[in-house]
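# Examining the three-dimensional arrangement
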Amino acid sequence: MMLDSKIKMIISSSIFLLSASHALIDAACAFSIFFLLKQDGIVKENFFILVVIYNILAFGLEVPLGMIADKFKISVKFAALGCITVAIAIFFTDFTALATVFLAGIGNALFHVGGGIVALNLKPKKATVPGIFVAPGALGLLMGTIIGKEMSFTFWPFVVLLIAAAILIMLIKKPEINYNQDIKNKTNYAELVVILILLSVAIRSLVGLALIYPWKQDINLLIIFTLFVFLGKALGGIIGDRFGWMRVSVISLLISAPLLTLGSSSVLCRMIGIFLFNMTMPITLTAISNLLPGRAGLSFGLTTLALLVGALITFTPLKNF
């Protein structure tokens, strides 16, 4: 009993640290990017390009970085290095926009891969912990965006907190991570299943970004909207583990579809719809990880790559189909 309590305490403290660090990382990256708008010579057109570059780096690099982390078993080091890299990026906001974007994007990718591997292995084959890990990112993104637009804010608190997070991450007890890539229990159609899951992730990203929310210009509604995204991701894994992934995913998507598309005039309908829509996120992430044993880093990277593909489609005429 005492051993079980100790294990639960270690898992809980690790989840809290990684989740809080996730919010901090995304807040710091958003802050550093939006702070660039205050720099001389940064016009909206150039800023848009910088945002695209950042997202390509932050989401696109996670596949190769995930493969490296899996191969050399350096998940915790990657998470800590991500914090340090983002802290360095913030220093460059007063000097060069391109260096800021590159360092922020790389640091974000490093942290997500490293932290994601740990989260996927704290309670193997369960979606609860990955959901709790990914959820705070939405809160951090909102916070960093708001702070980045405030000229009076200094970057020192972010730097200090990021360095502290890196130190604490290096001190956490790393879970037993299975790097055995034995696929004897894999189904004959595992590759097809992975592709279909990634396709659903890309579609979810496309739909989520293509939908127009005029009321999001209201800061109070935007905060509530972000809270619903956070709760959807955080509770999705918990509810999925309790009642079954397939059942929860199908029901949540079937109900969310009309709420998001037909309930455009109702803020409450859109809020509930976005909550249900995001419940599938930790489930799809964990499902891919289970189908690719020993490659949690690659699994995490594939889901973020699918998100990137869906997001980039919104900049093309394909979003209208």
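Rules behind the numbers
- Residues numbered from 1 in each chain as written.
- Predicted model: local features only at pLDDT ≥ 70, side-chain atom pairs only at ≥ 80, totals over all residues.
- Heavy atoms only, no water.
- Helix = DSSP H or I, 4+ residues; strand = E, 2+ residues; numbered from the N terminus.
- Buried < 20%, exposed > 50% of the residue type's maximum accessible area, 1.4 Å probe, protein only.
- Areas by Shrake-Rupley, 256 points an atom, 1.4 Å probe, with all protein chains shown as cover.
- Expected span 1.5 Å × (residues − 1).
- Bend = angle between axes of the 7 residues up to and from the residue.
- Contact = heavy atoms within 4.5 Å.
- Polar contact = N/O pair within 3.5 Å; in protein donor to acceptor, adjacent residues only side chain to side chain.
- Axes fitted to C-alpha atoms, helices over the stretch in contact; angles between N-to-C directions.
- Parallel < 35°, antiparallel > 145°, perpendicular 65-115°, else oblique.
- Nonpolar A, V, L, I, M, F, W, Y, C, P; charged D, E, K, R; others polar.
- Phe/Tyr/Trp six-rings, centres within 6.5 Å; stacked < 30°, edge-to-face > 60°.
- Lys, Arg positive; Asp, Glu negative; His and termini not counted.
- Salt bridge = Lys/Arg side-chain N within 4 Å of Asp/Glu carboxyl O.
- Patch = residues over 30% accessible without salt bridge, like charges linked within 9 Å, V, L, I, M, F, W, Y side chains within 5 Å.

### A look at the overall build of the protein chain
Counting its secondary structure elements, the protein chain contains 14 helices and zero strands. A burial count over the protein chain gives 50% of its 321 residues as buried. Total accessible area computed for the protein chain in this model is approximately 15900 Å², and 73% of it derives from carbon and sulfur atoms.

### A look at helix H10 (residues 219-243)
In this model H10 runs 35 Å from its N-terminal to its C-terminal C-alpha over 25 residues, within 8% of the 36 Å that 1.5 Å per residue would give. At Leu235, H10 is deflected by roughly 35°, the largest bend along its length. Every buried residue of H10 is listed here: Phe225, Thr226, Val229, Gly232, Lys233, Ala234, Gly236, Gly237 and Gly240. The elements touched by buried residues of H10 are helix H6 (128-134), helix H7 (136-148), helix H11 (245-261), helix H12 (267-278) and helix H13 (280-291). One side-chain oxygen at the N-terminal end of H10 lies 2.9 Å from the backbone nitrogen of Asn220; it belongs to Asp218. One or two steps after H10, the chain reaches Gly244, where phi turns positive at roughly 105°.

### With respect to the environment of Leu162
Tracing the chain through its elements places Leu162 in helix H8 (residues 156-171). Taking the C-alpha atoms as reference points, Leu162 and Thr85, 77 residues apart in sequence, are found 9.2 Å from one another. Setting aside its immediate chain neighbours within four residues, Leu162 contacts Leu24, Ile25, Ala28, Cys83, Val86, Ala87 and Ile90.

### Description of the packing of H12 against H13
Close contact between H12 and H13 brings their axes to 5 Å; oriented N to C, the two are set at 10°. On the basis of their axis angle, the class for H12 and H13 is roughly parallel. Contact with H12, carried on its side by Leu276, Phe277 and Asn278, involves Thr280, Met281 and Pro282 of H13 and no other residues of that element. Split into classes, the residues belonging to the contact of H12 with H13 amount to four nonpolar, two polar and no charged.

### Here's the deal with the environment of Asn290
Within the element layout of this structure, Asn290 appears in helix H13. Look at Asn290 and you get partly exposed, because its relative accessible area is 27%. With residues up to four places along the chain from it excluded, the contact list for Asn290 reads Lys125 and Trp245.

### Thoughts on unusual backbone geometry
Unlike most non-glycine residues, Lys73 shows phi in positive territory, near 55°. Structurally, the position occupied by Lys73 is in the loop between helix H3 (62-72) and helix H4 (75-91). Of note in this structure, Lys125 is not a glycine but carries a positive phi near 70°.

### Some points on the environment of Lys71
Note on placement: Lys71 falls in helix H3. Assessed through its relative accessible area of 62%, Lys71 is described here as exposed.

### Some thoughts on the side chain of Thr303
In this structure, Thr303 sits in helix H14 (residues 296-313). Side-chain polar atoms of Thr303 contact the backbone oxygen of Phe300, separated by 2.6 Å.

### Examining the packing of aromatic side chains
One pass over the full model with this rule turns up eight aromatic pairs. Ring centres 5.5 Å apart and planes at 55° place the aromatic pair Phe34 and Phe47 in the tilted group. Taken together, the residues Phe34 in helix H1 (residues 2-35) and Phe47 in helix H2 (residues 44-60) connect sequence positions 13 residues apart. Measuring from ring centre to ring centre gives 6.0 Å for Phe111 and Phe133, while their planes differ by 35°; the resulting arrangement is tilted.

### What about the side chain of Arg270?
For Arg270, the location among the structural elements is in helix H12. With no salt bridge to any partner, buried Arg270 finds its closest opposite charge in Asp218, at an N-O distance of 15 Å. Polar contacts involving the side chain of Arg270 include one to the main-chain carbonyl oxygen of Leu260, which spans 2.6 Å.

### With respect to a nonpolar patch on the surface
Nonpolar side chains collect at one region of the surface, where Leu81, Ile84, Ile88, Ile163, Ile167, Leu168 and Leu171 lie side by side and expose about 610 Å² of accessible area between them. Taken together, the elements giving at least two residues each to the nonpolar patch come down to H4 and H8. Counting residues per element, the nonpolar patch draws most heavily on H8, which supplies four residues. Take Leu81: it is sitting in helix H4. A relative accessible area of 42% places Leu81 in the partly exposed class.

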